[in-house]
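Residue-level listing of the chains:
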Amino acid sequence: MPLLLPANADSISLAAKRLAEGHLVAFPTETVYGLGADTFNVRAIANVYAAKGRPSDNPLIAHVYGVDQARSLCADWPETADVLAAAFWPGPLTLVLPRSPHVPAAATGGRATIALRSPRHPVAQSLLRAFGGPISAPSANRSGHVSPTVAAHVARDFDAIDDLLILDGGACELGLESTVVSLDINPRHPRPRILRPGSITAAQLATVIGPVDQPTITTQADSPGTAHRHYAPRTPALVLTLDEILAHLRTGARAIILAIHPIPAPHRVIPMPGDPSGYAARLYAALREADDLGADVILIQRPPDAPLWLAVHDRLARAASSR
Ligand code: TXA
Ligand code: MG
């Protein structure tokens, strides 16, 4: 069983010590919980991949305390990186840049680039400061499963891993993973481009660095972690309009419904917030609850088609894509 401790000065300094000794530490960020290891310890990094059941070619995000640490991990730090970091760090933005040769390739899934993020959650920041180096951390869920937004989700996904300390910092404020932007500019990709949508939108990025590409479906080779089925509950899920949900219910299916609008009794409904940030913060916990309720299918009411819902639509499409 992992060791779960409330995040405070003592548990954070214990966590920093355990990272330095090559152990794994799960910690809260403003997006989701991360499963962290010392970026420079290839054994610890291998344990992150093993614990998650993550394919070894899916690269990790290195969490950094600030710009200086980020720079030290890159072969090139363009001006756009400075501008984006000044505007959005610490915060839910991950930058992909050419990797410095002294960073172990294992920490980036063998890629020539490295993803970097400076989180703004106070526990993540204290841990980074106490540890004194970068912490590579994917979301703290089993590979392909729904990301964790509370410590109990982490404890459940990794109940068989003894070598894990989980810092409990309560529920994550944003609830969806960071926006990932590639600044690895080359002839094929002459402009910065979004690899994974998040709460920081293309429009917000464009206000500081100009036009940003946003491919509709990221190909697996570009960002392996965005492979189609992902962020998925164990129960099959469908994203439908309210009318389609009502039609589906008439078939007699044993369904759980994630609905923004009221659904007439006697159906089992998990009510969802009607605003994009409230919805995002609730989504992963709701998917896990739906799984636990035991049903043949999870019916998810399709949220509005508006730019602020883009990251939610992205995650719903992956949660609902067939196996
Ligand atoms: O909000 C977040 O980003 C959370 C918290 C813990 O920081 N982390 C997270 O990590 O979501 P993970 O590993 O679950 O997702 C990282 C994503 C994956 O889609 C991965 O393929 C992509 O970032 N990525 C990481 N390094 C990359 C690289 N060098 N090039 C392209 N994509 C990369
Ligand atoms: Mg993940």
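Relevant structure appears above.
A brief structural summary. (Residues numbered from 1 in each chain as written. Chains lettered and ligands numbered in written order. Predicted model: local features only at pLDDT ≥ 70, side-chain atom pairs only at ≥ 80, totals over all residues. Heavy atoms only, no water.)

## A closer look at the overall build of the protein chain
Item 1. Each helix and strand counted, the protein chain has 10 helices and 14 strands in total.
Item 2. Projecting the C-alpha coordinates of the protein chain onto the three principal axes gives extents of approximately 60 × 45 × 30 Å.
Item 3. Burial statistics for the protein chain: of 323 residues in total, 55% are counted as buried.
Item 4. Residue pairs at least 24 apart in sequence account for 68% of intrachain contacts in the protein chain once pairs closer than 6 positions are excluded.
Item 5. Counting only carbon and sulfur atoms, one obtains 56% of the accessible surface of the protein chain, whose full area is about 13300 Å².
Item 6. Charged side chains in the protein chain number 28 positive and 28 negative. The centres of these two groups are separated by 4 Å. (Helix = DSSP H or I, 4+ residues; strand = E, 2+ residues; numbered from the N terminus. Buried < 20%, exposed > 50% of the residue type's maximum accessible area, 1.4 Å probe, protein only. Contact = heavy atoms within 4.5 Å. Areas by Shrake-Rupley, 256 points an atom, 1.4 Å probe, with all protein chains shown as cover. Lys, Arg positive; Asp, Glu negative; His and termini not counted. Charge placed at Lys NZ, Arg CZ, Asp CG, Glu CD.)

## Description of the site of ligand 1
Item 1. Around ligand 1 sit 28 residues, and of these Thr31, Asn58, His63, Ser178 and Arg196 come closest.
Item 2. Contact between ligand 1 and arginine 54: an oxygen atom at 2.9 Å from a side-chain N or O atom of the residue.
Item 3. Note that an oxygen atom of ligand 1 is positioned 2.9 Å from one of the side-chain N or O atoms of serine 139.
Item 4. In the complex, the protein chains occlude 98% of the 680 Å² of accessible area that ligand 1 would expose alone.
Item 5. Mapped onto the shell around ligand 1, the elements with two or more residues apiece are strand E4 (61-63), strand E6 (113-117) and strand E10 (193-196).
Item 6. Here the shell around ligand 1 gets four residues from one element, more than from any other, and that element is E6.
Item 7. For the shell around ligand 1, the residue count by class is 12 nonpolar, 10 polar and six charged. (Near = heavy atom within 4 Å. Polar contact = N/O pair within 3.5 Å; in protein donor to acceptor, adjacent residues only side chain to side chain. Nonpolar A, V, L, I, M, F, W, Y, C, P; charged D, E, K, R; others polar.)

## Things to note about the packing of helix H4 (residues 79-88) against helix H7 (residues 202-209)
Item 1. Running from N to C, H4 and H7 cross one another at 120 degrees; their axes reach a closest spacing of 10 Å. With respect to H7, the element H4 is oriented oblique. Crossing of H4 over H7 shows right-handed handedness. Together, Thr80, Val83, Leu84, Ala87 and Phe88 of H4 and Gln204, Leu205, Val208 and Ile209 of H7 make up the contact between the two elements.
Item 2. Looking at side-chain class alone, the contact of H4 with H7 contains seven nonpolar, two polar and no charged residues. (Axes fitted to C-alpha atoms, helices over the stretch in contact; angles between N-to-C directions. Parallel < 35°, antiparallel > 145°, perpendicular 65-115°, else oblique. Left-handed = near helix turned anticlockwise from the far one by under 90°.)

## Describing the sheet that holds strand E12 (residues 255-259)
Item 1. Taken together, four strands build an open sheet; the order of strands is E11-E14-E12-E13 and the sheet is parallel. In the strand order of this sheet, the two ends are held by strand E11 (237-240) and strand E13 (268-271), each with one partner. With strand direction ignored, the average angle separating the axes of adjacent strands in the sheet is 25 degrees.
Item 2. Alignment of E12 against E13, held across four bridges, turns out to be parallel. Its bridge partner being in E13, leucine 258 is matched across the sheet by isoleucine 270. (Pairing = 2+ DSSP bridges.)

## Notes on the pattern of salt bridges
For side chains of opposite charge, pairing can occur when their charged atoms come near one another.
Item 1. As enumerated under the stated definition, the model contains 12 salt bridges in all.
Item 2. Note that glutamate 173 and arginine 120 form a salt bridge whose closest N and O atoms lie 3.2 Å from each other. Remark: arginine 120 occurs in the loop between E6 and helix H5 (122-131) and glutamate 173 occurs in the loop between strand E8 (164-168) and strand E9 (179-182); sequence separation between them is 53 residues.
Item 3. A salt bridge links aspartate 213 to arginine 191; the shortest N-O distance between them is 2.7 Å. Taken as a pair, aspartate 213 in the loop between H7 and E11 and arginine 191 in the loop between E9 and E10 lie far apart in primary sequence, 22 residues in all.
Item 4. Linked through salt bridges whose partners overlap, the residues forming this network are Glu177, Asp314, Arg315 and Arg318. (Salt bridge = Lys/Arg side-chain N within 4 Å of Asp/Glu carboxyl O.)

## What to know about the packing of helix H1 (residues 9-20) against H5
Item 1. At their nearest, the axes of H1 and H5 sit 9 Å apart, and the two run at 50 degrees to each other. Our classification of the angle between H1 and H5 gives oblique. The hand of the H1/H5 crossing is right-handed. The residues of H5 that touch H1, namely those facing Ile12, Ala15, Ala16, Leu19 and Ala20, are Val123, Ser126, Leu127, Ala130 and Phe131.

## Quick look at the pairing of E9
Item 1. Alternating positions in E9 separate into two faces, Thr179 and Val181 on one and Val180 and Ser182 on the other, with burial throughout.
Item 2. Pairing analysis gives four bridges linking strand E5 (residues 93-98) to E9, with the strands arranged parallel. Across the sheet, the residue bridging to leucine 93 is threonine 179, located in E9.
Item 3. Two elements, E9 and E10, share three bridges in a ladder whose sense is antiparallel. Bridging across to E10, valine 181 finds its partner in isoleucine 194.

## Digging into helix H2 (residues 42-52)
Item 1. Within H2, burial applies to Ala44, Ile45, Val48, Tyr49, Ala51 and Lys52. All buried residues of H2 fall inside an arc of 165 degrees around its axis, so they share one side. Within H2, the exposed residues directed more than 90 degrees away from the buried face are Arg43 and Ala50.
Item 2. In this structure, the buried residues of H2 make contact with strand E2 (24-27), strand E3 (34-38) and strand E7 (135-136).
Item 3. Its side-chain oxygen 3.1 Å from the backbone nitrogen of arginine 43, asparagine 41 forms the N-cap of H2.
Item 4. Glycine 53, located one to two residues past H2, shows a positive phi value of around 70 degrees. (Arc of directions from axis to C-beta.)

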